[in-house]
Amino acid sequence: MQKPPQVIDFALKETSPNIGVGATAADKNSCTYDLVEQMQYLYVRVVKAKDLPAKDVTGSCDPYVEVKLGNYKGTTKHFEKKSNPVWNQVFAFSKERIQASILEVSVKDKDVVLDDLIGRIMFELVDVPKRVPPDSPLASVWYRLEDRKGEKIKAGELMLAVWMGTQADEAFPDAWHSDAATVGLDGVTNIRSKVYLSPKLWYIRVNVIEAQDLLPGDKSRFPEAFVKVMLGNQALRTRVSQSRSIHPMWNEDLIFVAAEPFEEPLILTVEDRVGSSTEILGKCMIPLHILQRRLDHKPVNTRWYNLEKHIIGELEQKKEIKFASRIHLRVCLDGGYHVLDESTHYTSDLRPTAKQLWRPSIGILEVGILSAVGLMPMKTKDGRGTTDAYCVAKYGQKWIRTRTIIDSFTPRWNEQYTWEVFDPCTVITIGVYDNGHVHSGGGSKDSRIGKVRIRLSTLETDRVYTHSYPLIVLQQSGAKKTGEVHLAVRFTCSSTINMLHMYSHPLLPKMHYIHPLSVIQLDSLRHQAMQIVAMRLNRAEPPLRKEVVEHMLDVDSHMWSMRRSKANFFRIMAVLRPVIAVGKWFDQICNWKNPLTTILIHILFIILVLYPELILPTAFLYLFLIGIWNFRWRPRHPSHMDTRLSHADAAHPDELDEEFDSFPTSKGSDMVRMRYDRLRSIAGRVQTVVGDLATQGERFQALLSWRDPRATTLFVIFCLVAAVVLYVTPFQVVALLLGVYVLRHPRFRHKLPSVPLNFFRRLPARSDSMI
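Computed from a predicted model, the values in this text were never measured in an experiment.

Rules used in this analysis
Within each chain, residues carry numbers counting from 1 in the order of the written sequence. Reporting of local features is limited, given that this is a predicted model, to residues whose pLDDT is at least 70; pairs of side-chain atoms are given and counted only at 80 or more, and all residues count toward the totals for whole chains, interfaces and linings. Derived side-chain values reflect all non-hydrogen atoms in the structure, with water molecules and hydrogen atoms excluded from consideration. Put simply, DSSP marks the helices as runs of H or I at least four residues long and the strands as runs of E at least two long, and each gets a number from the N terminus on. We compute the radius of gyration over the C-alpha atoms and compare it with the globule rule, which gives 2.2 Å times the number of residues raised to the power 0.38. Each residue is assigned to one of three classes by its accessible area relative to the maximum for its type, calculated with a 1.4 Å probe on protein chains only: buried under 20%, partly exposed between the two thresholds, exposed over 50%. Nitrogen and oxygen atoms within 3.5 Å of one another constitute a polar contact, given that in protein one can donate a hydrogen and the other can accept it, and given that sequence-neighbouring residues count only through two side-chain atoms. Every residue pair with non-hydrogen atoms within 4.5 Å of one another is taken to be in contact. Paired strands are those between which DSSP finds at least two bridges. Confidence of the predictor in every single residue is expressed as pLDDT, which spans 0 to 100. Lines fitted to the C-alpha atoms define the axes, with helices restricted to the stretch that makes contact. Angles between their N-to-C directions range from 0 to 180 degrees. Should an angle fall under 35 degrees it is taken as roughly parallel, and over 145 as roughly antiparallel, whereas 65 to 115 is taken as roughly perpendicular and any remaining angle as oblique. Left-handed describes a crossing whose near helix is turned anticlockwise from the far helix by less than a right angle; the clockwise case is right-handed. Just so you know the grouping, Ala, Val, Leu, Ile, Met, Phe, Trp, Tyr, Cys and Pro go in nonpolar, Asp, Glu, Lys and Arg go in charged, and all remaining residues, Gly too, go in polar. Each pair of aromatic rings taken from Phe, Tyr and Trp, with Trp reduced to its six-membered ring, is defined by centres within 6.5 Å and is described as stacked if the planes are under 30 degrees apart, edge-to-face if over 60, and tilted in the remaining cases. Either the NZ atom of lysine or the CZ atom of arginine qualifies as a charge over a ring when it sits within 6 Å of the ring centre and within 35 degrees of the ring normal. By convention in these notes, a salt bridge is any Lys or Arg side-chain nitrogen within 4 Å of a carboxyl oxygen on Asp or Glu. Any two cysteine sulfur atoms lying within 2.5 Å of each other are counted as a disulfide. The nonpolar core is taken to be a set of buried Ala, Val, Leu, Ile, Met, Phe, Trp, Tyr and Cys residues, with the residues joined through side-chain atoms within 4.5 Å.

S.K.: Tell me about the overall build of the protein chain, residues and numbers included.
M.R.: When helices and strands are counted, the protein chain shows twelve helices and 30 strands. Scaling as 2.2 N^0.38, a compact globule of 771 residues should have a C-alpha radius of gyration of about 28 Å, whereas the protein chain reaches 36 Å, well beyond that. On the principal axes, the C-alpha backbone points of the protein chain span a range of 120 × 90 × 60 Å. Counting the 771 residues in the protein chain, one finds 42% classified as buried.

S.K.: So what about the side chain of Asp334? Which residues, and what values?
M.R.: As for its position among the elements, Asp334 is in strand β20 (residues 326–334). In this structure Asp334 comes out as buried when scored by relative accessible area, which is 1%. Within the local environment of Asp334, its side chain forms a polar contact with the side chain of Arg294, the two groups lying 2.8 Å apart. What Asp334 contacts, discounting residues up to four positions off in sequence, is Trp202, Tyr203, Arg205, Arg294 and Met511.

S.K.: Quick one: what's the story with the sheet that holds strand β26 (residues 412–421), residue by residue and with numbers?
M.R.: What the five strands build is an open sheet, ordered β1-β29-β30-β21-β26; its pairing is antiparallel. Of all strands in the sheet, those bounded by a partner on one side alone are β1 (13–14) and β26. By the bridge criterion, ten bridges tie strand β21 (residues 363–373) to strand β30 (residues 478–493) in an arrangement that is antiparallel. Its bridge partner being in β30, Val373 is matched across the sheet by Glu484.

S.K.: Mind laying out the confidence of the model for the protein chain, listing which residues take part and the relevant values?
M.R.: Low-confidence regions, as indicated by low pLDDT, have predicted coordinates that should not be scrutinised in detail. Of all residues in the protein chain, 91% attain a pLDDT of 70 or more, and the chain-wide mean is 82. Within the protein chain, the lowest mean pLDDT, 71, falls on helix α8 (residues 653–659), and the highest, 94, falls on strand β24 (residues 389–395). Predicted confidence for residues 1–6 stays below pLDDT 50, and this span has zero contacts to residues more than four positions away or in other chains. In the model, residues 21–30 has pLDDT below 50 throughout and makes eleven contacts with residues more than four positions away in sequence or in other chains.

S.K.: So what's going on with the packing of helix α6 (residues 595–610) against helix α11 (residues 731–742)? Residues and values would help.
M.R.: Where α6 meets α11, the axes come as close as 9 Å, and the angle between the chain directions of the two elements is 165°. One way to sum up the angle between α6 and α11 is to call them roughly antiparallel. Considering only the axes of α6 and α11, their crossing is right-handed. Two secondary-structure elements touch here, α6 through Phe605, Ile606 and Val609 and α11 through Gln732, Ala735, Leu736, Gly739 and Val740. Looking at the contact of α6 with α11, its residues break down into six nonpolar, two polar and no charged.

S.K.: Before we move on, can you summarise the packing of aromatic side chains with the specific residues and values?
M.R.: Counted by the stated rule, this structure contains ten aromatic pairs. Relative to Tyr337, the ring of Tyr203 has its centre 5.8 Å away and its plane inclined at 70°; by these criteria the two rings are edge-to-face. With a gap of 134 residues between them, Tyr203 in strand β12 (residues 201–212) and Tyr337 in the loop between β20 and β21 connect regions that are remote in the sequence. Across this residue pair, the class does not change: Tyr203 and Tyr337 are buried. In this structure an aromatic cluster arises from ring pairing among Tyr41, Tyr43, Trp163 and Phe172. The lysine or arginine in question, Arg401, covers the ring of Tyr390, its NZ or CZ lying 4.3 Å from the ring centre. The residue whose ring lies beneath Arg453 is Tyr346, and the NZ or CZ to ring-centre distance is 3.9 Å.

S.K.: So what about the pattern of salt bridges? Which residues, and what values?
M.R.: Here the structure, examined in full by the defined rule, presents 36 salt bridges. Between Glu263 and Arg536 there is a salt bridge, with the nearest N and O atoms lying 3.9 Å from each other. You can see Glu263 sitting in the loop between β15 (249–259) and β16 (266–274) and its partner Arg536 sitting in helix α3 (residues 519–538), a full 273 residues away along the chain. For Arg463, the salt bridge goes to Glu460, with nearest N and O atoms at 3.6 Å. We classify Arg463 as partly exposed; its relative accessible area is 25%. Each of Arg205, Asp253, Arg294 and Asp334 takes part in one network of salt bridges that share partners.

S.K.: Explain the state of the cysteines residue by residue, including any values.
M.R.: Under the criterion given, the structure shown has zero disulfides. For Cys332, which is in no disulfide, the shortest distance to another cysteine sulfur is to Cys284 and amounts to 16 Å. You can call Cys332 buried: its relative accessible area is 2%.

S.K.: Account for the sheet that holds strand β14 (residues 234–237), with residues named and values stated.
M.R.: The pairing of strands in a sheet comes from backbone hydrogen bonds and takes either a parallel or an antiparallel form. Taken together, the four strands give an open sheet; going across it, the order is β14-β13-β16-β17, and neighbouring strands pair in antiparallel fashion. In this open sheet, the two edge strands, each paired with only one partner strand, are β14 and β17 (277–286). On average, each strand axis in the sheet is tilted by 20° relative to the strand beside it, whichever way the strands run. Sheet topology note: the strand β13 (residues 225–231)/β14 ladder contains four bridges and is antiparallel. Paired with Met230 across the strands is Ala235, a residue of β14.

S.K.: Account for the nonpolar core, with residues named and values stated.
M.R.: Core analysis: the biggest nonpolar cluster contains 35 residues, and Leu365, Trp419 and Ile428 have the highest contact counts within it. Put simply, the parts of the chain that give this core at least two residues each are β21, β24, β26, β27 (427–434), β28 (447–455), β29 (464–475), β30 and α1 (496–502). If sequence neighbours within four positions are ignored, Trp419 has contacts with Gly363, Ile364, Leu365, Val367, Ala393, Tyr395, Lys398, Ile400 and Ile428. Among the nonpolar cores identified, the runner-up in size contains 29 residues, and Leu52, Val67, Leu103 and Leu160 belong to it.

Following this line, the structure appears as structure tokens:
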């Protein structure tokens, strides 16, 4: 007998970590690390050495420092033939892993066979002082080196600072941690915690107006001219000019995305379409830093740019060529827009590019990244599964990356970060990843473990949310829980009035409404913005890998997915369910299923008709009572990834295989044919529904369009009669008669459709004109 499949727990869990909560709003900035558990560390700062004695036969030494505490030891880099080296490196030993009582700091001479001991210093841990920020850092002190017998050597001193502290210490992010002993000195930079800033993105609007005095290669014909504009790997072109002359006109807008600092110029080429090929008639390059920066919708000044002759080959050596062609452009940096690099459904920033247009912040968001439990092995090392986990969080332009915890399925980070908040209707994204560059030498990619999104507007002000969020990854085998991440979140508002006032403002900057971009433009520009952000962050040190940035920004969210389509369909049905329920309830009222309820509705209806001024107050009072009633079932925790809402827990394997297929597809022809036929069948249903909606709209238009003269005649006569009747009859009487007719008893009803419905269904639509 088979066992039932194990139910995976995808729920959010409330936790009670031992964190130092209790700071007031006044001292938020001075009280750091109160959302995480304090972790004690022994810090050793190795600064420099002087007058080191020679150990080699050459009369020199190749010094390095080894810091040893029990089974843990760390080493600095070594210098060749240097007696006064400078390291300035910090080592951190977690107190909970300390199993020794003596710290040994040794200066050694690098040798081919066996490293020689130059000298050492011993510290008793009970004598190590404690430091509590915001106290100033502990001063480094010169120590005379000792030999193995504990006697001072004649020459050689080492500058050190040793203290006990917490992760709030400013030395913590750049420290070499004892739990990363296997990484080695070269790999330490890949596991440190870092803060990154997204590049400042601009929309560049290129309005191509006209060109003058073009010189086509074939003088016997007018050029079919168009303009091609390139910025990096972005390329757009205008349509072919309708004015076939050597002075073509276009007047088209082309929009690009660029990031500061501007590295590449704008390249424009005027080309002539000659048969199946093109001929370049002229070219110009425009540096971006000289462009005007526009903050509003006012037009910028136009300018004529000279076109350079495009010469193929090596003959373009300082030839004196008289070339008078030029192009008329209006080019500017549009700072009034917000450059979207995330979907508008879960964006973390809504501010325009230009800082002059920014509103003051309304509060701060603090996130404590505590730990993770139950992580799955993401790679194999020495024949066993292992995970080197780190977290990435993105809000606004600020990205943070925690340190990588080496070889642990239950990593504890306990790092806290703060962001300024300018709009409450924004989302912070937190992802957990496996560092694939620790032992592999940079060959593999960082693997996704899962991510969490939290909408700030769903958080209560000044409340600390401590929850364990499920980490869910969708694979070809289905939704898989890869562990849980433990977070502490607090949203603090500096002014409640300012925050409430934000709800009256448009979501995006006003330029998006005054001169809106098309949906196709926004999708294309968002893709370009994501590529730029991923490229720039991948060039940081340590790099925030492209695969991580793309996963955080959901680069593939626009791709077709059967699962997403089903999920969106059922979301629509869930929204319409209350409307359908009200319709069913009203049908029961009209059919006298419950006579007492129907009589009460009759009484209420008559009161509202006789006193129509009560209609709106009654409606708003009813909504108020519903809101108060639903207060008992309000959400008590932030949102998290919902597998049931996403239909990830019940997706068909073939649908998931299709979702993970590459674009273009890598499947065989039979599989593609089957999926294409299935897609056609689903698209056919969507097409039918959209066609039905269009038909109903066209029937409304046909009431007065005289497409059916007789139907329009009947409707026009009916409108005239209705106008006269309603003019002479009090509104209350009309409403009362209409309501009594709608609520009439079933014995006065007919099974057949009503006359108005029959008339409407007979109206012509344009569907009979479709091929």
